[in-house]
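Residues per chain are reported as follows:
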Amino acid sequence: MPAAIVGREGPLAGQRFPISDAPITFGRKDDNNVVIASGRASRYHAQVLRESGEYVLRDRGSRNGTLVNGDRVTSHVLQQGDLITIGDETFRFEAFGEMETVMDAPLLRAFTKSAAQADPGPVLNVTVSGGGPVGLSFALLLEHLMGPRVSVTIYDGRWTQDGSRVVWKSEKEGNIRRQQVVTVQSRQYLNLPEGVQERLFTTGSYTEMWPTGPDSIRGYGPRNIRIAYIEDTLLEMANERPGRIRLVPAGFYPTEHHETVVKDHVLAICEGGRSGTRDYFTHKFGNADKSIYSLDGLHIQDVVLGLRVKSELSDPMTVLLTVAQNRFLLNALRGEGFLNMRLTDEEAKEVIGIDPVRHVFTECIASRPCLMGRSEQGEFHCSTHSTLFLPALIKSSALWKRVMEGLALFGVKEENLSAVTAFRLDMVQRPRFTAQLYSATSSTPGTYGFLLGDAANAIHFWPGRGLNSGLASAISLARALNRAWRGRPFRDADFLRHEAAMSMLQYRHKSRAWKAMVTTDEHGVTCAIKDKIVQGIEEGLADADKEADIEALMERLRQIRSRLAPRIPGMPDDETLDAHLRRLRGETLRTLLVSGAWETLIVGGEEVDIDIFDQDPPTAPQPEPAPPPAPARAEERHEHTRLIARGSSDSISPG
């Protein structure tokens, strides 16, 4: 039987591709011998050819690399049983040849089994604090890349044990699930394992509400999906990997788990913007800088009222109305989602609860934050603290009237407002995202810590980049660990590319987010958007010209519609928009007008491409006599790639 490449994992599992004297090629293009559908495979990815009686696997300059037994290679002499990974396909090299004449079938099967169960070598021990979407996706991607070479333990106090499985606690157990809808960009979700993509994006689990943009790759657009669904799916998949991913339904506390951390190689901190673990290790990561996101020495902070709603408007119309102003943002899945309302400082003071028994005020909704669901009596009740949302009890309050106007703007009936919450948004500049927490000793391997997700970069909700930034950071770190792990203590140099990627993400996403918090007045002076909303309210209460405001808003809507219509079919016409605006009060119209439209043109542009950090720098070329012009130009291209991989400031564009 001739030597062959045999599919082991993936769509080509079980298929056999014999190797003759001609090379056998792998890639996405149809003219390859082995066509791989995975988006992580290059068009012409790799080839196997016979040289001097041996079979040699060569990577053909692929973007995501070729792995043999878990190690990335550019050229490798294949041995019996070698496992080749390309994209999301795994193949096995079989070269029985003369062995078939001396081995009977049972012995041959035993040989094959023992080769497949060979010792994977030193295991990378990873602890993850925080099992939200970022922590879980990081663990699943790391397990996908490294297989038996990694062991991951995830801690999260929002989980509980249910038989042999770990599940999310219920609301009665004090866990308020996040039902917000997030927009995940294709640049991120296409870099997750294909198995994760298939489980996440089942029919009916997502919509494509927003148009494609700079963060859309390979022809795939952004997808709206509920956070709770992401969390459920990823936790379910982690439960299915008990041998490599251990789930601990308990909070992670650095003091209590010190002995665990010092014996592990990695601590990934994914607890969110208020991470206690990050704060515990502040002396390692450095103090955050608030000044860059301040005006006149005052750190800018936005308070947002989150309204769980069901809109009756079409997606194209809600997109148009959202982009046209800066007071409200609706992100929904088939009309159901959260309508976020940016508050003024005075309005934020009204976001309080009241204990109906003790008759005392409480800030549980503003400080926790808590979710207040609607009761049968129509009140908004916090099940954790037994408080009621005060503005909803005082129907005549200015804040509640403005909430009702927001519902009218997005076609939400009052009975379709089912819950209220609030959250504060502010940003800081973090000096670093990677730090050696503990040095290696004779009995400990040396522990590196990493900030991921909101623990690294809490992003303003208006640009909608929080989860995308978190996924990008998880993808970058998983690849860095897979690339660097060789069974020895890590070095700072192992994470140069990851740290560069994190710095780029911080610069790109936070510079964009800052534009969602501030604007310029008629004199070109920078001011907070929430202060412009104050101006709009005051002018609207004074003597605003409703007809003039409607016409000004209509002109803004027409301009935005003309820009979005080629990418979003079904935009409303002028008559529909005009009739819709006339249902609103003059104060609301003036506030929408003065708040300004989304700065989509300013915050648009090139996005951070994590893939550029996943390229191995080329080895130094051997001197050749009289090199022809073509290889010389190729060498120049390799030099540019090398600069990018090293994070050279000359070769990184902030976008």
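Cut-offs and rules
- Residues numbered from 1 in each chain as written.
- Predicted model: local features only at pLDDT ≥ 70, side-chain atom pairs only at ≥ 80, totals over all residues.
- Heavy atoms only, no water.
- Helix = DSSP H or I, 4+ residues; strand = E, 2+ residues; numbered from the N terminus.
- Expected span 1.5 Å × (residues − 1).
- Buried < 20%, exposed > 50% of the residue type's maximum accessible area, 1.4 Å probe, protein only.
- Contact = heavy atoms within 4.5 Å.
- Polar contact = N/O pair within 3.5 Å; in protein donor to acceptor, adjacent residues only side chain to side chain.
- Phe/Tyr/Trp six-rings, centres within 6.5 Å; stacked < 30°, edge-to-face > 60°.
- Lys NZ or Arg CZ within 6 Å of the ring centre and 35° of its normal.
- Pairing = 2+ DSSP bridges.
- Axes fitted to C-alpha atoms, helices over the stretch in contact; angles between N-to-C directions.
- Salt bridge = Lys/Arg side-chain N within 4 Å of Asp/Glu carboxyl O.

A.B. asks: Describe in detail helix α18 (residues 546–564), supporting the description with residues and values.
C.D. replies: Compared with an ideal rise of 1.5 Å per residue, which puts 19 residues at 27 Å, α18 spans 26 Å between its outermost C-alpha atoms and is within 8% of the ideal. Inspection of α18 places Asp549, Ile550, Leu553, Met554, Arg556, Leu557, Ile560, Arg561 and Leu564 among the buried residues, and these make up the whole buried set. On its buried side, α18 packs onto α10 (315–323), α19 (574–581) and α20 (586–595). Measuring from the side-chain oxygen of the N-cap residue of α18 to the backbone nitrogen of glutamate 547 gives 3.3 Å; that N-cap residue is aspartate 545.

A.B. asks: Pulling in residues and values, what's your account of the packing of aromatic side chains?
C.D. replies: A complete count under the given rule lists 18 aromatic pairs for this structure. An aromatic cluster is built from Tyr448, Phe450, Trp485, Phe490 and Phe495, whose rings are joined through pairwise contacts. When the ring centre of phenylalanine 201 is taken as origin, the NZ or CZ atom of arginine 223, which lies over that ring, is 4.7 Å away.

A.B. asks: If you had to explain the environment of leucine 200 to someone new, which residues and values would you point to?
C.D. replies: Looking at the element boundaries, leucine 200 is found in helix α5 (residues 194–200). When its relative accessible area of 5% is taken as the criterion, leucine 200 is described as buried. Linking leucine 200 and isoleucine 225, residues 25 residues apart in sequence, is a C-alpha distance of 8.8 Å. With near-sequence residues (within four places) excluded, leucine 200 lies in contact with Leu192, Ser205, Ile225, Tyr229, Ile230, Thr233 and Leu234.

A.B. asks: How would you explain the sheet that holds strand β7 (residues 66–68) if you had to name every residue and give the values?
C.D. replies: An order of β2-β1-β11-β10-β7-β8 is seen for the six strands of this open sheet, with the pairing classed as antiparallel. Unpaired on one side and paired on the other, β2 (16–18) and β8 (71–73) mark the two borders of the sheet. Averaged over all neighbouring strand pairs, the angle between strand axes comes to 30 degrees, with direction disregarded. Looking at chain direction, strand β1 (residues 4–9) and strand β11 (residues 89–94) are connected through five bridges and run antiparallel. Bridge pairing links isoleucine 5 to phenylalanine 93 in β11.

A.B. asks: Quick rundown of the pattern of salt bridges? Include the residues and the values.
C.D. replies: Summed over all chains, the structure comprises 38 salt bridges. In this structure, the salt-bridge partner of glutamate 94 is arginine 16, at a minimum N-O distance of 3.1 Å. Placement of glutamate 94 in strand β11 and of arginine 16 in strand β2 is noted, with a sequence separation of 78 residues between them. Accessibility expressed as a relative area gives 12% for glutamate 94, which makes it buried. Members of the salt-bridge network, linked through shared partners, are Arg63, Arg187, Asp215, Arg465, Arg508, Arg512, Glu607 and Asp609.

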